[in-house]
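Remarks on the overall topology
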Amino acid sequence: MKQDAAESSDSSKYLTPGARAAASGARYATISAVFVGILLISNVVAVKPIAFGAIPLGDFSLPLVFDGGVFLFPLAYVLGDVLAEVYGLKATRRTIFTAFALAALASLTILATQVSPPAAGWENQEAFAAVLGFVPRIVIASLAGFLAGQLLNAWVMDLMHRRSKGRFLRSRLIVSTLVGELADTLLFCTIAFAGIITGIDFVMYVVLGYLVKVLAEVVLLPVTTRVIRIVRRAEEAIAH
């Protein structure tokens, strides 16, 4: 066993600089990759408004309208908090801009596929365009909301971290989410669906979308704080 350990230790000395850098930054890379994946998946499913019934209020009813992104997108803010708290504002911005660039690339790829002539025998061109097709409003709304929301979330986390000297983690997580999700929800809902969803339906769509996303982070708060502690402890162990 000692010989195996010694051999393993010796072999690590022969890693290339790039391999050592990849190993030391493995957690940051993994969290960033999941963050990007969540954004891309959420962008695909966000094109569909979903109705979960309505809340009766006397002669009126408040419709429960969401978009498909409600299932997964709140996790992006959880991971954004982990990145900002453990790795700092600069590293978090790098991940956000990478996710933004890949989301834009995904949209352009979908557009290129949509306008390309279909192969003989493939009869789903209209269905592809209707469900997955490039919709400028959705794309612009998603990218604008994501960029503004995530940058504000990271900035608030970093500012409060410095002002509080690292204390009050739960308060920082909640406040940063309130600010980031507000910007994200207002931009996305307004750009994507204003005029398509109208009246009280639109108001409820915005309000409920915001409340559900914030509530999701509050519910996941114990998970977020635990992940932050685990990741920070692991990174500190490597540093020492």
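Our structure's up above, just so we're on the same page.
Attention here is on the structure that accompanies the text.

Calculation notes
Residues numbered from 1 in each chain as written. Predicted model: local features only at pLDDT ≥ 70, side-chain atom pairs only at ≥ 80, totals over all residues. Heavy atoms only, no water. Helix = DSSP H or I, 4+ residues; strand = E, 2+ residues; numbered from the N terminus. Buried < 20%, exposed > 50% of the residue type's maximum accessible area, 1.4 Å probe, protein only. Contact = heavy atoms within 4.5 Å. Areas by Shrake-Rupley, 256 points an atom, 1.4 Å probe, with all protein chains shown as cover. Expected span 1.5 Å × (residues − 1). Core = buried A, V, L, I, M, F, W, Y, C linked by side-chain atoms within 4.5 Å. Salt bridge = Lys/Arg side-chain N within 4 Å of Asp/Glu carboxyl O. Axes fitted to C-alpha atoms, helices over the stretch in contact; angles between N-to-C directions. Parallel < 35°, antiparallel > 145°, perpendicular 65-115°, else oblique. Left-handed = near helix turned anticlockwise from the far one by under 90°. Nonpolar A, V, L, I, M, F, W, Y, C, P; charged D, E, K, R; others polar.

As for the overall build of the protein chain
On a plain count of helices and strands, the protein chain comes out with 9 helices and 2 strands. Listing the helices and strands of the protein chain from first to last along the sequence gives α-α-α-β-β-α-α-α-α-α-α. Counting across all 240 residues of the protein chain, residues that qualify as buried make up 38%. Put simply, of all contacts in the protein chain between residues at least 6 apart along the chain, 73% involve residues at least 24 apart. Per element, the accessible surface of the protein chain, about 13500 Å² overall, is 69% carbon and sulfur.

Focus on unusual backbone geometry
The residue Lys 165 is not glycine, and still its phi comes out positive at about 55°. Look at Phe 168: it is not a glycine, yet its phi comes out positive at around 60°.

Let's talk about helix α7 (residues 169–193)
With 25 residues, α7 extends 35 Å from end C-alpha to end C-alpha; this agrees with the ideal 36 Å at 1.5 Å per step. Of the residues flanking the end of α7, it is Gly 195, one or two places downstream, whose phi is positive at about 95°.

Considerations on the environment of Phe 97
As for its placement among the helices and strands, Phe 97 is situated in helix α4 (residues 74–115). Taking the C-alpha atoms as reference points, Phe 97 and Val 36, separated by 61 residues in sequence, lie 9.8 Å from one another. Not counting chain neighbours up to four residues away, the residues in contact with Phe 97 comprise Leu 147 and Leu 151.

Examining the nonpolar core
Ranked by internal contacts, the top residues of the largest apolar core, which has 29 residues, are Phe 35 and Phe 146. Sorting elements by how many residues they give to this core places α4 first, with 12 residues. Not counting chain neighbours up to four residues away, the residues in contact with Phe 146 comprise Phe 35, Leu 39, Phe 73, Ile 96, Ala 99, Phe 100 and Asp 184. If you look at the next biggest cluster of nonpolar residues, it comprises 12 residues, including Phe 188, Phe 193, Ile 197 and Val 206.

Quick notes on the pattern of salt bridges
Tallied over the full model, the rule gives 3 salt bridges. Note that Arg 172 is salt-bridged to Glu 85, the shortest N-O span being 2.5 Å. In this pair, Arg 172 is assigned in helix α7 and Glu 85 in helix α4, connecting sequence segments 87 residues apart. Between Arg 162 and Asp 158 there is a salt bridge; the shortest N-O distance is 3.0 Å. Of the two residues, Arg 162 and Asp 158 are both situated in helix α6 (residues 136–164); the distance of 4 residues between them amounts to about one turn of the helix. Overlapping salt bridges bring together Glu 85, Arg 172 and Arg 232 as one network.

Regarding the packing of α7 against helix α8 (residues 199–219)
Between α7 and α8, the least distance of the axes is 9 Å, while the angle of their chain directions is 150°. The angle between the axes of α7 and α8 places the two elements in the roughly antiparallel class. When the axes of α7 and α8 are compared, the crossing they make is right-handed. Contacts between α7 and α8 pair Leu 173, Thr 177, Leu 178, Glu 181, Leu 182, Thr 185, Leu 186, Phe 188, Cys 189, Thr 190 and Phe 193 from the former with Phe 202, Tyr 205, Val 206, Gly 209, Tyr 210, Lys 213, Val 214 and Glu 217 from the latter. Residue composition of the contact of α7 with α8, grouped by class: 12 nonpolar, 4 polar and 3 charged.

Considering the environment of Val 223
With respect to the helices and strands, the residue Val 223 is situated in helix α9 (residues 221–239). Put simply, Val 223 and Val 78 are 145 residues apart on the chain and 8.9 Å apart in space, counted from C-alpha to C-alpha.

Comments concerning the environment of Pro 222
With respect to the helices and strands, the residue Pro 222 is situated in helix α9. Sequence separation between Pro 222 and Arg 170 is 52 residues; the distance between their C-alpha atoms is 8.9 Å.

Geometric descriptors of this kind do not, in isolation, establish any biological role.
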